[in-house]
Amino acid sequence: MIAKFAQRIAARKPLLERRSIIVWAALLGAVLVLPSLRLGVQADDHTLRMTVHGEPGIGDLGSSWWNAFTFADGNIANNAARIDWGVIPWWSAPEIKLSFMRPLTALTHALDYWYLEPHLWLMHVENILMYMALCVCVAILYRRSGMTLWVAGLAALLYAVDDAHGIPAGWLSGRNATLTCLFGALTLIAHNTWRREKSPLALAWAIIALIVGFACGEATIFVYGYLFAYAVCMENGGIKQRVISVVPYGAVLIVYLAIYKTLGYGTKNSGLYSDPFGNPIGFARDIALNLPALLQAQLGIVSSNTYVIMPQRFQFILHFLDIAFIALFFFAFLPLFKSSKLARFWALGMFLSLPPVCATVPTDRLLAPAGVGGIALIAMFIEFATARWNNPPTSARRRFEHGMVYFFVFTHAFLAPLSLPFNSTSVGIFGKLVDTGIAKLSLDDSIVDDSIIIVNPKVDAYCITMPAYQSSRSLPVPRHLWGLDASLGDMTIDRTDASTLEVEVEGGFFPKPFGSCFHGPADPWRVGRVVSVADFDATVLELTEDVRPKKIRFAFKQPLENPKYRWFCFRERNLEPFTPPAIGDTIKLPGRTIIQGIRSMIRLSMSP
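Residues numbered from 1 in each chain as written. Predicted model: local features only at pLDDT ≥ 70, side-chain atom pairs only at ≥ 80, totals over all residues. Heavy atoms only, no water.

What follows concerns the environment of V357. Residue placement: V357 occurs in the loop between α17 (341-352) and α18 (368-386). Sequence separation of V357 and Q312 is 45 residues, and the distance between their C-alpha atoms is 20 Å. Not counting residues up to four positions away in its chain, the partners in contact with V357 are L294 and L366. (Helix = DSSP H or I, 4+ residues; strand = E, 2+ residues; numbered from the N terminus. Contact = heavy atoms within 4.5 Å.)

In structure tokens, the structure reads:
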């Protein structure tokens, strides 16, 4: 069996060595993400669309198209206006900031929504073309890096079919990840040419590509991991020569960070994003927890998305699996590291590209930059291990290497291309949930002076997407839209008087990761704290052990039966009308696990 497998690899080498493999890899990746052509606009797409069109239903909140990725700017008054309309939740920290500098990516969205509507499929064609360009550039980088040509061809194919690229390639709002990785790859191609040929023109192109990458998104900073790895592993000179090779890029980074901070971009008071400068200890903790998850997900079989699904109390199991797999991979790669500086470069670059994205919850859609080095390393290991397959294995070490080759082929050449089409459309599951929920709300013109109150929306994104959805399409927007909670626990609702509800949630309100997106540990909850919004005052009555609200009193400004309040709750499949309990009565709404929620969403997405 081993001999036959080696013969099959040998027979494919001439095909993989051809220059045309660059195009074939890109075409294969494009074919696998073609299902996304029918995805339309989903989730954050509506917010981008709303911003580009000048927020027709919500009014001017200070945004413009080049700030399309500013979801909260840190200004108390502007944030209060966004809370008032429901585009960020009522429990948001007053000075919450979620603002990202991505002007070039924002321009591509603006041009789309100005000129390509209603032909949404053309926008997805753009996404696919961008993904093809990324695959082409990564394939060129592999061929020029010094890899054996057939190994470079194999790596190009594996990178193109990597299922971690599905959401960036298929989701319109995810294209910034594709663009940042694309220009990062162009930077590395030009840098390699500069260092090998000493061409000043190549250095100029590297700087230009890096600047354009930063204009696409913050994630371009990943390239510094590979530049450092190149200086350590590939440069032939002394320390001074190695330092000089990265100085020009360091100057670009300093200027970029200065502009970024001066213009007020960044995150603040969010439990979903840690600020490397404002909270270095928290950022270091996130690296320690998230980097193993992302590294294992790139090389192995356990998706980092599992951290979103699995309850926190069981996540130690995932951490154990991550460490075990990483140790296994390191043991497998160790002989390759000893014999190849190029393998050491790819491994170190992959590792150092991950810390910047550890500032948020680990998900596979963050892995395109790490995949550049990870896929190259896997392809080089296959070459290394199969080179000795002419002789039968004579040791446990050799048998172990054979097993690892089969593992990598199974996960990256078989499972990944099967998963990529689904991943490219997976965000549509959430979109279908929102669409059907909006249909239940009957948002006609009469809603513009009313308030919609969803008692248990389960996730904050469910509510905050709805105003953007309506506004982006110039449809009626409710004057207020409130989601009282964003957790999955059982909810007990007591009515104490004509206008007051006391709500207790098993496990607490606003759980991590996403429930804490708009309120971080820098602004801790306390018993007696009052949050006042247009329709109610929310008073914290009881806290959980991890200092989140467990019980909150909602004192509304009008009796709960006021016709201006339209009540809904989330049940098994989607929204249903909700009738508040009578004074002195109690209603219990069952919770659900994340897995149950995802199963319901999948069933809903498959229904007519």
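Attention now goes to the environment of R102. Looking at where R102 falls in the secondary structure, it is placed in the loop between β2 (97-99) and α5 (103-115). R102 sits in the buried class, given a relative accessible area of 15%. Linking R102 and A139, residues 37 residues apart in sequence, is a C-alpha distance of 26 Å. Not counting residues up to four positions away in its chain, the partners in contact with R102 are F69, N176, A215, C216, G217 and E218. (Buried < 20%, exposed > 50% of the residue type's maximum accessible area, 1.4 Å probe, protein only.)

This next bit is on helix α14 (residues 280-299). With 20 residues, α14 should reach 28 Å at 1.5 Å per residue; the first-to-last C-alpha distance of 28 Å fits that figure. Roughly 35 degrees is the biggest bend found in α14, and it falls at N290, with proline P292 one to four residues downstream. (Expected span 1.5 Å × (residues − 1). Bend = angle between axes of the 7 residues up to and from the residue.)

Let's shift gears to the pattern of salt bridges. What the rule picks out here adds up to 15 salt bridges. As a salt-bridge pair, E235 and R195 come within 2.5 Å of each other at their nearest N and O atoms. One end of the pair, E235, is in the loop between α11 (223-233) and α12 (239-244); the other, R195, is in helix α9 (residues 175-197), and 40 residues separate them in sequence. Taking relative accessible area as the criterion, E235 reaches 8% and is therefore assigned buried. Note that E561 and R495 form a salt bridge whose closest N and O atoms lie 2.5 Å from each other. Here E561 is found in the loop between β10 (549-556) and β11 (565-570), whereas its partner R495 is found in strand β6 (residues 491-497), with 66 residues between them in sequence. With a relative accessible area of 52%, E561 lands in the exposed category. (Salt bridge = Lys/Arg side-chain N within 4 Å of Asp/Glu carboxyl O.)

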